[in-house]
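# Observations on the three-dimensional arrangement
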Amino acid sequence: MAKAITTREENYSQWYNDIVKKAGLADHSAVRGCMVIKPLGFAIWENMKAQLDAMFKDTGHVNAYFPLFIPKSFLSKEADHVEGFAKECAVVTHHRLMNNPDGSGVVVDPSAKLEEELIVRPTSETIIWNTYKDWIQSYRDLPLLINQWANVVRWEMRTRPFLRTAEFLWQEGHTAHATREEAIEEAKLIHEVYARFAEDYMAMPVIKGAKSANERFAGAEETYTIEALMQDGKALQAGTSHFLGQNFAKAFDVKFLNENNQEEHVWATSWGVSTRLVGGLVMSHSDDDGLVIPPRLAPTQVVIVPIPKPLPEIMEKAEAIAAALKAKGVRVKIDKDAKKRPGFKFAQYELEGVPVRLGLGKRDLANGTIEVARRDTKEKVSIDIAGVDRYVEQLLHDIQSGLLQKAKDYRTEHTTEADNMDDFRGTLDEKGGFISAHWDGTAESELKIKEMTKATIRCIPNDFKEEKGSCILSGKPSKGRVLFAKAY
RNA sequence: CGGGAUGUAGCUCAGUCCGGUAGAGUACUCGUCUGGGGGACGAGUGGUCGCAGGUUCAAAUCCUGUCAUCCCGACCA
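Residues numbered from 1 in each chain as written. Chains lettered and ligands numbered in written order. Predicted model: local features only at pLDDT ≥ 70, side-chain atom pairs only at ≥ 80, totals over all residues. Heavy atoms only, no water.

## Topic: unusual backbone geometry
Applied cut-off: Strands are runs of DSSP state E lasting at least 2 residues, helices are runs of H or I lasting at least 4, and numbering of each runs from the N terminus. Only protein chains enter the accessibility calculation, which uses a 1.4 Å probe; a residue is then buried when its area is under 20% of its type maximum, exposed when over 50%, and partly exposed in between.
Note the cis peptide between leucine 142 and proline 143, where omega equals -5 degrees. Position of proline 143 among the secondary structure elements: in the loop between helix H5 (125–135) and strand E9 (144–153). Residues isoleucine 307 and proline 308 are joined by a peptide bond in cis, for which omega reads 0 degrees. The backbone phi angle of phenylalanine 162 is positive, close to 65 degrees, even though this residue is not glycine. The topology assignment puts phenylalanine 162 in the loop between E9 and strand E10 (167–177). Positive phi, close to 75 degrees, is recorded for lysine 454, a residue that is not glycine. Inspection of the secondary structure assignment puts lysine 454 in the loop between helix H14 (443–453) and strand E24 (456–461). Overall, lysine 454 belongs to the exposed group, its relative accessible area being 62%.

This is the structure in structure tokens:
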């Protein structure tokens with residue numbers, strides 16, 4: 001049967017598109033740049049969301065919801081911010097349709113023009129800070145630690161499912177603090193939460209670091225980022241946490257009285273991760289046979305396939321095994337479809353990335369065994385049916401840690417030091433990945449390198465070591481190495 | 001937003017150059033035989049040819065516009 005997925009070697013982009021489509025993560029929609037997230041893709045996002053939400057709550061945050069629409073005037077209040085987003089905003093200009101007089105359908109009613117146009121949020125800093133102004137008077141109102149789960153719209157020129165879509169789902173945290181130090185601590189705390197989530201749940205190793213001025217969020221004083229490396233050697237910015245200083249507090253006049261009865265502007269952070277993480281998950285682990293989902297985020301962790309079909313005696317045993325697994329907290333599904341053949345199902349579950357498949361047949365019943373197949377390595381073993389629940393529980397842990405280790409090894413192999421432009425370019429062309437190189441700290445050098453090689457500074461790593469050297473471009477003195485890569 | 005390509009059955013595509021009432025494979029439905037890695041045979045269902053105009057006795061085919069997708073750039077998470 002046609003194995004419909006393009007191989008990674010053949011065409012990495014096409015491979016990614018094939019996985020998204022064939023595994024049933026998402027479909028294109030009738031609207032340019034927007035996707036329909038299908039049940040499997042959405043279930044993965046729901047699992048991510050549930051875990052992140054718990055982690056935010058654990059660190060003292062609460063959820064709220066702010067409007068989709070932002071008055072146009074709000075967006076222009078913070079100069080850097082508006083410059084960053086103005087080019088990609090959807091604008092609502094009217095509020096009514098009418099029948100076209102020529103009978104050809106509906107048209108915008110010109111008499112229903114809005115007094116003030118509304119922007120569909122590309123991010124919510126402005127409307128949130130406009131609101132916080134009313135919520136904050138005293139240091140006793142601080143810190144204010146709020147998150148929202150929402151959709152946002154950025155009118156992108158070129159889109160790709162999950163990685164960059166015109167509309168996407170995300171969470172955006174917006175916090176207000178009494179001091180600069182506390183706000184920076186908050187931004188770092190969330191940075192840490194993101195990194196932990198990526199590694200512990202997505203099995204996606206990330207480099208923690210700070211963005212250069214060029215790559216920083218519009219309106220931020222400092223942007224902390226987690227950067228992951230995809231299988232094609234390109235980096236993916238997977239989550240950012242911003243220290244906003246007093247920029248938004250000043251723009252929206254958010255002040256509080258401190259303990260000494262003095263008025264001060266509050267200090268702010270914002271932070272977000274999006275459905276882009278689903279794309280990162282795909283590109284971190286999946287292979288030419290389809291999706292590979294780490295167990296902790298897999299909607300179905302174990303599937304039991306009766307062989308050759310769901311006969312009563314097989315199903316009885318399957319139900320018992322499923323019950324034992326459920327008792328251990330495993331998300332298990334029994335395939336009860338009598339029409340499809342086992343071979344077809346095997347291929348299908350591999351395509352959909354189910355971490356563990358149990359094959360239970362008549363022969364197994366006779367022998368008291370069951371076949372266990374793991375998705376990540378494609379290994380199959382036949383084990384004693386009696387201990388299958390404990391075996392599978394352990395196997396899920398092994399798969400989770402195995403995926404992380406494999407991704408770490410890949411990253412280690414694809415992180416290279418370069419000390420001059422020739423090496424830099426050579427490495428970039430031949431194997432890609434992260435390149436650790438000296439940089440003089442100027443925006444000019446950074447932009448020039450980008451122009452010459454398409455590689456950007458992904459981050460100034462947290463584990464930045466003081467090391468004397470000279471910038472690979474300008475030759476000027478550098479205090480240490482930063483990480484470059486081509487990025488999504 | 002520029003350059004290139006493509007839209008015909010759920011999917012992959014032929015037919016378009018040279019206009020004449022819509023094709024294949026696969027999937028799907030039913031039946032029989034099957035059954036430990038994408039089954040075999042037989043019989044069926046399924047398409048206003050992306051959309052809107054135009055030319056013509058006649059348009060999947062020619063012309064104009066438009067929408068969408070893919071690849072390559074520029075821009076960005």
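More follows now that the structure is in view.
## Section: the pairing of strand E12 (residues 222–229)
The two faces of the sheet receive side chains in turn, since in a regular strand these alternate between them. Note the cut-off: Strand pairing is assigned whenever DSSP identifies at least 2 bridges connecting the two strands.
Burial runs high along E12: 7 of the 8 residues are buried. Here 5 bridges tie strand E11 (residues 206–210) to E12, and the two strands are oriented antiparallel to one another. Considered in E12, the bridge of alanine 210 is made with tyrosine 224. Here E12 pairs with strand E13 (residues 235–245) via 8 bridges, running antiparallel. Paired with threonine 225 across the two strands is threonine 240, which belongs to E13. Connecting the antiparallel pair E12 and E13 is a turn made up of 5 residues, with glycine 233 showing a positive phi of about 85 degrees.

## What about the pattern of salt bridges?
The line we're drawing: What counts as a salt bridge is simple: a side-chain nitrogen of Lys or Arg found within 4 Å of a carboxyl oxygen of Asp or Glu.
Per the stated rule, a full pass over the model turns up 28 salt bridges. The closest approach of N and O atoms between lysine 21 and aspartate 27, which form a salt bridge, is 3.7 Å. Judged by relative accessible area, aspartate 27 falls into the partly exposed class, the value being 27%. Among the ionic pairs, lysine 340 bridges to aspartate 337, the shortest N-O distance being 3.5 Å. On the basis of relative accessible area, lysine 340 is assigned to the partly exposed category, the value being 40%. On the accessibility criterion, aspartate 337 (28% relative accessible area) is partly exposed.

## Looking at the domain arrangement of chain A
Let me state the cut-off plainly: A domain assignment, automatic or from a database, supplies the domain bounds used here.
Here chain A is described as being made up of domain 1 (11–285), domain 2 (307–398) and domain 3 (414–485). Here the C-alpha centroids of domain 1 and domain 2 sit 40 Å apart.

## Describing empty space enclosed by the protein
Let me state the cut-off plainly: In this analysis the probe radius is 1.4 Å and the grid spacing 1 Å, with only protein atoms considered; a cavity is a set of points the probe fits into but cannot get out of, a pocket is an open set with protein on both sides within 12 Å along at least five of seven lines, and lining residues have an atom within 4 Å of a point. Grid points are joined across faces, edges and corners, and a volume is the space filled by probe spheres set on the points. Residue type decides the class: Asp, Glu, Lys and Arg count as charged, Ala, Val, Leu, Ile, Met, Phe, Trp, Tyr, Cys and Pro as nonpolar, and the leftover types, Gly among them, as polar.
Per the stated rule, a full pass over the model turns up 1 cavity of 30 Å³ or more. Of the pockets and cavities examined, the largest cavity occupies roughly 40 Å³. Together, Met204, Pro205, Leu229, Ser284, Ala407 and Arg411 line the largest cavity. Class assignment of the residues belonging to the lining of the largest cavity gives a composition of 4 nonpolar, 1 polar and 1 charged.

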